[in-house]
Amino acid sequence: VQLQASGGGLVQAGGSLRLSCGASGRTVGSRSMGWFRQAPGKEREFVAGISRSGGSTDYADSVKGRFTIARDNAKNTVYLQMNSLKPEDTAVYYCAAGPLFSYGTLLSDVDYQYWGQGTQVTVSS
């Protein structure tokens, strides 16, 4: 399974970005998916997770109300819409795929099986 994250870039505070995560094969629809981020000098942290059907989502408190995770199983893609961006959102963002037929949303990085290469998001003040 290969995951490819894209959509990162440089944006001013208050702006928006949409990250995409494409997967090889019929991956997305069969797995819980998630987004994590890692800022310089900090540990990787959970950002958002979504169940296989998309009916259940979870968010880190720091992004609730600003970020939205969504999936298009037909396109084998997961998205992270990021609005009202803040400088503290600056990080490398990674998408991750849970085990085959995983249930619900997965909140810990140890629960995920596959990882994308990361895309840089930089928010200027």
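For the structure itself, consult the block above.
Parameters at a glance
Residue indices follow the written sequence of each chain, beginning from 1 at its first position. Local features in a predicted model are, by the rule used here, given only for residues with pLDDT of at least 70; side-chain atom pairs are given and counted only at 80 or more, and totals for whole chains, interfaces and linings are based on all residues. The side-chain numbers reported here are obtained from all heavy atoms of the structure, hydrogens and water having been left aside. Only DSSP runs of H or I reaching four residues or more are called helices, and only runs of E reaching two or more are called strands; each is numbered from the N terminus. Our radius of gyration looks at C-alpha atoms and nothing else; its globule reference is 2.2 Å times the residue count to the power 0.38. Only protein chains enter the area calculation, which uses a 1.4 Å probe; residues under 20% of their type maximum are buried, those over 50% are exposed, and those in between are partly exposed. Should any heavy atoms of two residues lie within 4.5 Å, those residues are counted as being in contact. Pairs of cysteine sulfur atoms within 2.5 Å are what we label disulfides. One bridge is not enough; two strands pair if DSSP finds at least two bridges between them. The axes used here are C-alpha line fits, helices contributing only the stretch in contact, and every angle between their N-to-C directions lies in the interval 0 to 180 degrees. To qualify as a nonpolar core, a set must consist of buried Ala, Val, Leu, Ile, Met, Phe, Trp, Tyr and Cys residues joined through side-chain atoms within 4.5 Å.

**Looking at the overall build of the chain**
Okay, so step 1: On a plain count of helices and strands, the chain comes out with zero helices and eleven strands.
Okay, so step 2: Helices and strands in the chain line up, N terminus first, as β-β-β-β-β-β-β-β-β-β-β.
Okay, so step 3: Its C-alpha atoms give the chain a radius of gyration of 13 Å, near enough to 14 Å, the size a compact globule of 125 residues would have.
Okay, so step 4: Overall, the C-alpha framework of the chain stretches about 40 × 25 × 25 Å when taken along its three principal axes.
Okay, so step 5: Here the chain holds 125 residues, and 46% of them are scored as buried.
Okay, so step 6: For the chain, the share of sequence-separated contacts (at least 6 apart) that also reach a separation of at least 24 residues comes to 60%.

**With respect to the state of the cysteines**
Cysteine pairs can be linked by a disulfide, which is a covalent bond between their two sulfur atoms.
Okay, so step 1: Across all of its chains, the model carries one disulfide by this definition.
Okay, so step 2: The disulfide bridge from C21 ends at C95, spanning 2.1 Å between sulfur atoms. The S-S bond linking C21 to C95 shows a torsion near 60°; that makes this disulfide right-handed. Remark: C95 occurs in strand β9 (residues 91-100) and C21 occurs in strand β3 (residues 17-23); sequence separation between them is 74 residues. For the pair shown, C21 and C95 are each scored as buried.

**Overview of the sheet that holds β3**
Okay, so step 1: Spatially, four strands are ordered β1-β3-β8-β7 in an open sheet, and the strand pairing comes out antiparallel. Each end of this open sheet is capped by a strand with a single partner; those strands are β1 (3-6) and β7 (67-72). The sheet shows a mean angle of 15° between the axes of neighbouring strands, taken without regard to direction.
Okay, so step 2: Bridging between β3 and strand β8 (residues 77-82) involves six bridges; their strand directions are antiparallel. Note that in β8 the partner of C21 across the bridge is V78.

**Overview of the nonpolar core**
Okay, so step 1: Ranked by size, the top nonpolar core spans 34 residues in total, and within it W35, L80, M82 and Y93 carry the most contacts.
Okay, so step 2: Elements with a contribution of two residues or more to this core: β1, β3, β4 (31-38), β5 (45-50), β7, β8, β9 and β11 (119-124).
Okay, so step 3: Here this core gets five residues from one element, more than from any other, and that element is β9.
Okay, so step 4: The residues touching L80, leaving out its near neighbours within four places in the chain, are L17, R18, L19, W35, V47, A48, F67, T68, I69 and Y93.

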